[in-house]
Amino acid sequence: MAKSFYQKTGIAIEQIASDLFLLEVGDRIPNVSTFQEKYALARGTVQNALRYLKEEQAIETISKGHLGTFLVHVDHGKLQHFANADQLKGTMPLPYSKLYEGLATGVYLLFKKQRIKLSMAYIRGSEERIQAVREGVYDFAVTSRFAAENVIQNHPELVIVKAFGKESYLSRHVLLLAEGNTEIQDGMRIGIDSDSLDHSVLTKTLVKDKRVELVEMPSNQLIYALREKQIDAGIWNYDEIEDKQVGDLHYKDIEEEQYHQAMSEAVVICRADRKMICSICEKYLSTEKIREIQRMIKEGAMTPRY
């Protein structure tokens, strides 16, 4: 009987649970007429859905007369289940550094704790990841704050829902150089990854006023290309060099600019109209816990899981 009842009113329960998930104890809930109009539902269907959520102890309410009805108890885990939000699809960079492994592990474990199944795609290039979120292919994406803020300027349908602080994305970028070189000079071949906004901006800034050849390639192939003498220099993430203790690479620090801090911070972006997804990411992805997991993996005190 319960199964047939749920099948009959399932859509209404899913829609209303999604809205109630965004609320906290003490918040006023929308009235029946609001749900009717928003989702084109019959009054009785809305009432049945609300009754079901109460019977399942997902919510408990109290009526305050003309002031409305307010939440006195809310079980976000149950609402998440009834809203069919037990599985999310996300995307982040390839976890080639311990910092990225820590980030991937933290996201996986924090969602697992909430019984959220996570399907994560590791995609090179911030622009491709962000585009996938815009098109609804993925629910959220992890990028640098710099990339996210630049894209949001032209696409206000996207929003940053979580930020993890300075050096949560990477510690810093450095300039890799072929043996015998100490700086960028005219005539050099410089690797550039145009799919990565951060990499593209850094590279073009560094070669400004220089007569060089920009060689298009995925940024994760820069080290190989440098060793094979396909390029003379390129920007890369210092964390990988440190993690792998690559002694044959020559590098120099890049002069610190204000926007470099935004490039070092990891953020999560979602579509602003997908309010429940935004709320799940904001509620469950604890900055403190993510940073602690990153620290433990970097120190070798925890095994990566993602």
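Sequence order sets the numbering: in each chain, residues are counted from 1 along the sequence as written. Owing to the predicted nature of the model, reporting of local features is limited to residues with pLDDT of at least 70; listing and counting of side-chain atom pairs is limited to 80 or more, with chain, interface and lining totals taken over all residues. Only hydrogens and water are removed before side-chain values are computed, so all heavy atoms of the structure are retained for them.

### With respect to the sheet that holds strand β3 (residues 87-92)
A pair of strands counts as paired when DSSP detects no fewer than two bridges linking them. Numbering goes from the N terminus for both helices and strands, where a helix is a DSSP run of H or I of at least four residues and a strand is a run of E of at least two. If you walk across this open sheet you meet the five strands as β4-β3-β5-β12-β6, and the pairing is mixed. The open sheet has two edge strands with one neighbour each: β4 (117-122) and β6 (158-163). Adjacent strand axes in the sheet meet at a mean angle of 30° when their direction is disregarded. By the bridge criterion, two bridges tie β3 to strand β5 (residues 140-144) in an arrangement that is parallel. Across the sheet, the residue bridging to Thr-91 is Ala-141, located in β5. Across the sheet, helix α7 (residues 145-152) is in contact with β5, β6 and β12 (266-271); its angle to β6 comes to roughly 155°. What counts as an axis is a line fitted to C-alpha atoms, over the stretch in contact for a helix, and the angles between N-to-C directions run from 0 to 180 degrees. In what follows, a contact means two residues having at least one pair of non-hydrogen atoms within 4.5 Å.

### Comments concerning the packing of aromatic side chains
Aromatic pairing here means that ring centres of Phe, Tyr or Trp (its six-membered ring) are within 6.5 Å. Orientation follows from the plane angle: under 30 degrees is stacked, over 60 is edge-to-face, and everything else is tilted. All told, the structure shown has nine aromatic pairs when counted by the stated rule. Measuring from centroid to centroid gives 5.5 Å for Tyr-52 and Phe-82, while their planes differ by 75°, and the two rings are edge-to-face. Of this pair, Tyr-52 sits in helix α3 (residues 43-55) while Phe-82 sits in helix α4 (residues 76-82); the two residues are 30 residues apart in sequence, bridging distant segments of the chain. Taken as a pair, Tyr-52 and Phe-82 share a single burial class, namely buried. Seen from their ring centres, Tyr-96 and Tyr-100 are 5.2 Å apart, and the 75° between their planes marks the pair as edge-to-face. Through pairs of rings, three or more aromatic residues link up here, namely Tyr-96, Tyr-100, Tyr-169 and Trp-236. Here, a charge over a ring is recorded when the distance from Lys NZ or Arg CZ to the ring centre is within 6 Å and its angle to the ring normal is within 35 degrees. In this structure, Lys-64 packs its charged tip against the face of Phe-70, placed 4.8 Å from the ring centre. One cation-aromatic arrangement involves Arg-172 over Tyr-238; the distance from NZ or CZ to the ring centre is 3.8 Å. When accessible area is computed with a 1.4 Å probe and restricted to protein chains, residues below 20% of their type maximum are described as buried, those above 50% as exposed, and intermediate ones as partly exposed.

### Considerations on the state of the cysteines
Each disulfide consists of one covalent bond between the sulfur atoms belonging to two cysteines. What counts as a disulfide here is a pair of cysteine sulfur atoms lying within 2.5 Å. Throughout the structure, instances matching the rule amount to zero disulfides. The thiol sulfur of Cys-270 is not disulfide-bonded, and the nearest other cysteine sulfur, from Cys-281, lies at 4.1 Å. Looking at Cys-270, the relative accessible area reads 0%, which means it is buried.

### Overview of the packing of α7 against helix α8 (residues 197-206)
Interaxial distance between α7 and α8 falls to 8 Å at its minimum, and their mutual angle equals 95°. Relative to α8, α7 is oriented roughly perpendicular. The segment α7 lies against α8, with Phe-146, Ala-147 and Asn-150 engaging Leu-197, Asp-198 and Val-201. The residue inventory of the contact of α7 with α8, partitioned by class, reads four nonpolar, one polar and one charged. Note on terminology: angles under 35 degrees are roughly parallel, angles over 145 are roughly antiparallel, angles of 65 to 115 are roughly perpendicular, and the others are oblique. Ten residue types, Ala, Val, Leu, Ile, Met, Phe, Trp, Tyr, Cys and Pro, are classed as nonpolar, four, Asp, Glu, Lys and Arg, as charged, and the remainder, Gly among them, as polar.

### What about α7?
Among the residues making up α7, those that are buried are Phe-146, Ala-147, Ala-148 and Val-151. The inward-facing, buried residues of α7 abut α6 (126-134), β5, β6, α8, α11 (258-264) and β12.

### Overview of the side chain of Lys-162
Structurally, Lys-162 is set in strand β6. Positive residues here are Lys and Arg, negative ones are Asp and Glu, while His and the chain termini are left out of the count. In what follows, salt bridge is the name for a side-chain nitrogen of Lys or Arg lying within 4 Å of a carboxyl oxygen of Asp or Glu. Notably, Lys-162 is buried but unbridged: the nearest opposite-charge side chain belongs to Glu-282, and the N-O separation is 6.2 Å. At 3.1 Å, the side chain of Lys-162 and the backbone oxygen of Glu-282 are in polar contact. Contact partners of Lys-162, with chain neighbours within four places excluded, come to Ala-266, Val-267, Val-268, Cys-281, Glu-282, Leu-285, Ser-286 and Thr-287. Here a polar contact means two N or O atoms within 3.5 Å. Within protein one must be a hydrogen donor candidate and the other an acceptor candidate, and residues neighboring in sequence count only if both atoms are side-chain atoms.

### Thoughts on the pairing of β3
Pairing analysis gives six bridges linking β3 to β4, with the strands arranged parallel. Bridged to Met-92 within β4 is Tyr-122. Handedness of a crossover: with both strands directed away from the viewer, a clockwise path from the first strand across the helix to the second marks it as right-handed. In this fold, β3 hands off to helix α5 (residues 98-113), which returns the chain to β4; that crossover is right-handed.

### Comments concerning the environment of Glu-128
As for its placement among the helices and strands, Glu-128 is situated in helix α6. Sequence separation of Glu-128 and Arg-43 is 85 residues, and the distance between their C-alpha atoms is 43 Å.

### Some points on helix α12 (residues 275-284)
Among the 10 residues in α12, seven count as buried, and that is most of the element. What α12 keeps buried is the set Met-276, Ile-277, Cys-278, Ser-279, Ile-280, Cys-281 and Tyr-284.

### Concerning the nonpolar core
The definition of a nonpolar core used throughout is a set of buried Ala, Val, Leu, Ile, Met, Phe, Trp, Tyr and Cys residues joined through side-chain atoms within 4.5 Å. Leu-20, Leu-53, Phe-111 and Phe-140 are the most contacted members of the largest nonpolar core, which has 52 residues in total. Excluding its chain neighbours within four sequence positions, the residues that come into contact with Phe-111 are Leu-88, Ile-116, Leu-118, Phe-140, Ile-280, Cys-281, Tyr-284 and Leu-285.

### Focus on the sheet that holds strand β9 (residues 213-216)
On the basis of which strands lie adjacent, the open sheet formed by five strands has the order β9-β8-β10-β7-β11 and mixed pairing. Strands at the two margins of the open sheet, each flanked by one partner only, are β9 and β11 (250-253). Across the sheet, the axes of successive neighbouring strands diverge by a mean angle of 35°, strand direction being ignored. The sheet contact formed by strand β8 (residues 189-192) and β9 spans four bridges and is parallel. Bridging across to β9, Ile-190 finds its partner in Leu-214. α8 rests against β7 (173-177), β8, β9 and β10 (233-237) of the sheet, and its axis sits at about 160° to β8.

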